Amino acid sequence: MEEVDRELIRAEEDAQHHSSPTTTERVPRRGSHEVERVMTASSISTSSSEGARARGNTGGLSRVPTSGDLERNPTELSRINTARSQHTATVGRGLKSRESRKPLPNFGAGKPFPPLLPNMEDFVVEFDGPDDPYHAQNWPFKKKLLTSAILGYTTTTSAFASSIFSAATPFVALEFNVSQEVGILGVSLFVLGFATGPTLWAPLSELKGRRLPLVIATFGFSVFSVACATAKDIQTLLICRFFAGFFGACPLAVVAAVFSDIYNNATRGIAITIFSMAVSTGPLLAPFIGGYISTSYLGWRWTMYIASIMGWLAFALDLLLLDETYPPVVLIEKAAELRRRTKNWGIHARQEEIEIDFKELIQKNFTRPMRLLFGEPIVTLLSIYMAFIYGLLYLFLTAYPFVFQGVHHFNPGESGMAFFGMVIGQLIAGIIILLMQPAYQRKLAANNGVPIPEWRLPIVIAGGVSFTGGIFWFGWSGYRADVHWIVPAASGILTGFGLAAIFLQSLNYLVDAYLVFAASAIAGNTFLRSLCGAGFPLFASYMFNGMGIEWASTLLGCVAAVLVPIPIIFYLYGHKIRAKSKFAPTLLGNMPGVAASNSSDDTAVDGDGVVDHAAASNVPKTNADTEKA
């Protein structure tokens, strides 16, 4: 592993040595809902957001005046160490990365340099206990609900715009006198923007907070959507669709992290699952709306006007009603207020020590995700599987019209309503995953709170079988006009269920398996599947025209069947593969067979079953640990 990766791991070990209370009194075991872990990025963020606190002269926790009380408060200890973890994992947090060989400039006006602050750590602002109103998890429930609704709408707008254009492609091709494949580029380039956008938005959200990227991105998305609606030629349209996707990728990369900021471990899993369902169903709700608009007197341009209107509304809501939730940036605002009112200019937040370093930016947001994508078997194979599934999601935007318009002679609006079968299947999968949470929590409790990543995979296996069956069902019931249209439409229940089950739990598996490098693993995964999502629609027409609906679906179904064993292999042998990995940490208790006997009673686990290193670093040492040391 490269130096940045080794430094991250050393920092985590350092945190475990410095953050544990030294008293012999044992802190009572706490439930996972008591540990307020704040993640720095979602399933689709592109920089590693879980680490450990920064190394250096931190002086343990001595800078906190109420350290005696805090040692008895695991929630506040977790927040302090999580803030340090976020600082350590953020691009540019090490001042040594910007060392200069230039001579130091004079202080000016003949003044000597002032003396250094007596102890810089005494001037670093922290949260004031677990009930600090500045912390987003202490917001009133109504404010959390309003924030969730605004961000849910913003994300749905982005996903909705990705596919509403699919119904307009025949009309675009006709107006600009190009082939339909060129028209389909309007969908593909938008999804390609989804692949490249997080490389900017994710690190920006960790440097400047969540609100600024969301406001900028919704503004950019709205501007380029208007540009699409008024495009005078195909080149302008396609370029603007790409940039609309680039800006539209921000909510997909940042909103899940906002939910991690504002919800505690007891409710975060449910919130993010519902958010993920909104993201996956959004592209399937748009085609029927786009179909009816394109065939009406409004014309295809109004599909883009609708997207832009939704975007401007999201921009207004985010600008006027959205408050900052990212704890390190909240502390910057708190420090600014304290400086202004106390005139003590040494007061600052740790996030203000960060300097942006381009080399480190490339390392964290491109090099490491690519090394994980092509060097880790778990990430490689799961990414291939998910990329194929994601590609088929957008391929269906082309395949469904072949069946429902070509065979059953629906108009574009009626054809788009056939996607509701897939929407129903996805909702069923989401409900089942939510209903499985109590059983999952019981397994965690039986294993002393330590998760085994492979617990996520049974529903992925079931989803793979369901998805494969749905493709065969669609192809062999959709190519004949004498088979009622409801039969191929109902196949979407199986494909939708499989798509959601595979996506939700595969991403959770990557998070559980890679922990501190989970964001990089998901970034590599997102890059590959977005490329497939962009490419698959381009050959769909040729494949279905050349092979026929039934044989094209058979080919896709066979590929899906070949990929089904991937989660089965990881379910059986994943723990052995993780043991050989340079990036997947092998923690006591997360390996089958040794979990219950080796895990600590005080392991800190969040509501989704992810080991919380920042919280775990606060667990007091046991007698056994002391003897080992």
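As the structure is a computational prediction, the values presented were derived from the model and not from experiment.

**Remarks on the state of the cysteines**
- Taken as a whole, this structure holds zero disulfides when the rule is applied.
- Lacking any disulfide linkage, cysteine 228 is separated from the closest cysteine sulfur, that of cysteine 240, by 5.1 Å.

**Quick notes on a nonpolar patch on the surface**
- Among the surface-exposed residues, Trp476, Tyr479, Met547, Trp551, Leu555 and Val559 lie close enough to one another that they form a single nonpolar patch of about 540 Å² accessible area.
- By residue number, the principal contributor to the nonpolar patch is helix H21 (residues 549-563), which donates three residues.
- Tracing the backbone shows methionine 547 in helix H20 (residues 518-547).
- Judged by relative accessible area, methionine 547 falls into the partly exposed class, the value being 36%.

**Quick word on the nonpolar core**
- In terms of nonpolar packing, the biggest core is built from 119 residues, with Leu237, Leu392, Leu395, Phe396, Phe467 and Tyr514 touching the most fellow members.
- Here this core gets 20 residues from one element, more than from any other, and that element is helix H14 (residues 377-407).
- Beyond its immediate chain neighbours, meaning those up to four positions away, leucine 237 contacts Phe165, Val172, Phe176, Cys228, Ala231 and Trp300.
- In terms of nonpolar packing, the next biggest core, distinct from the first, is built from seven residues, Phe127, Val330, Leu331 and Ala349 among them.

**Overview of the confidence of the model for the protein**
- Of all residues in the protein, 75% have pLDDT values of 70 or greater, and the mean over the chain is 77.
- Of the regions scoring below 50 in pLDDT, residues 18-72 engages in 181 contacts with residues more than four places distant in sequence or in other chains.
- Between residues 595-629, whose pLDDT stays under 50, and residues either more than four places distant or in other chains, the model counts 99 contacts.

**A word on the environment of glycine 413**
- With respect to the element layout, glycine 413 can be found in helix H15 (residues 412-417).
- Excluding its chain neighbours within four sequence positions, the residues that come into contact with glycine 413 are Phe288, Gly291 and Tyr292.

**Side note on the packing of aromatic side chains**
- Considering all chains together, one arrives at 31 aromatic pairs under this definition.
- Ring centres of tryptophan 201 and phenylalanine 246 lie 6.0 Å apart, and the angle between their planes is 55 degrees; this geometry places the pair in the tilted category. In this pair, tryptophan 201 sits in helix H7 (residues 198-208) while phenylalanine 246 sits in helix H9 (residues 234-262), placing the two residues 45 residues apart along the sequence. For the pair formed by tryptophan 201 and phenylalanine 246, the shared burial category is buried.
- Look at phenylalanine 224 and phenylalanine 247: their rings are 5.7 Å apart centre to centre, the planes differ by 25 degrees, and that puts the pair in the stacked class. With phenylalanine 224 in helix H8 (residues 211-229) and phenylalanine 247 in helix H9, the pair connects residues that are 23 residues apart, well separated along the chain.
- Overall, phenylalanine 247 belongs to the buried group, its relative accessible area being 17%.
- Among the aromatic side chains, those forming a connected cluster through ring pairs are Phe396, Tyr400, Phe404, Phe410, Phe419, Phe474 and Trp485.

Rules of the game
- Residue positions are counted from 1 within each chain, in the order its sequence is given.
- Reporting of local features is limited, given that this is a predicted model, to residues whose pLDDT is at least 70; pairs of side-chain atoms are given and counted only at 80 or more, and all residues count toward the totals for whole chains, interfaces and linings.
- Note that water and hydrogens are dropped before the side-chain values are worked out from all heavy atoms of the structure.
- Two cysteine sulfurs form a disulfide in these notes if their separation is within 2.5 Å.
- Here the term patch refers to residues with relative accessible area over 30% and no salt bridge, with like charges joined within 9 Å and nonpolar side chains (Val, Leu, Ile, Met, Phe, Trp, Tyr) within 5 Å.
- The accessible surface values rely on the Shrake-Rupley method and a 1.4 Å probe; as for residues, cover is taken only from the protein chains in view.
- Within this document, salt bridges are pairs made up of a side-chain nitrogen of Lys or Arg and a carboxyl oxygen of Asp or Glu, the two lying within 4 Å of each other.
- Numbering of helices and strands runs from the N terminus, with a helix taken as a DSSP run of H or I at least four residues long and a strand as a DSSP run of E at least two residues long.
- Think of it in three bands: residues with accessible area under 20% of the maximum for their type are buried, residues over 50% are exposed, and the middle band is partly exposed, with areas taken using a 1.4 Å probe on protein chains only.
- Take the buried Ala, Val, Leu, Ile, Met, Phe, Trp, Tyr and Cys residues and link them wherever side-chain atoms come within 4.5 Å; each set so joined is a nonpolar core.
- Any pair of residues with heavy atoms lying within 4.5 Å of one another is described as a contacting pair.
- pLDDT measures the predictor's confidence residue by residue and takes values from 0 up to 100.
- Aromatic pairs are defined between Phe, Tyr and Trp rings, using the six-membered ring for Trp, whenever the two ring centres lie within 6.5 Å; interplanar angles under 30 degrees are classed as stacked, those over 60 as edge-to-face, and all others as tilted.

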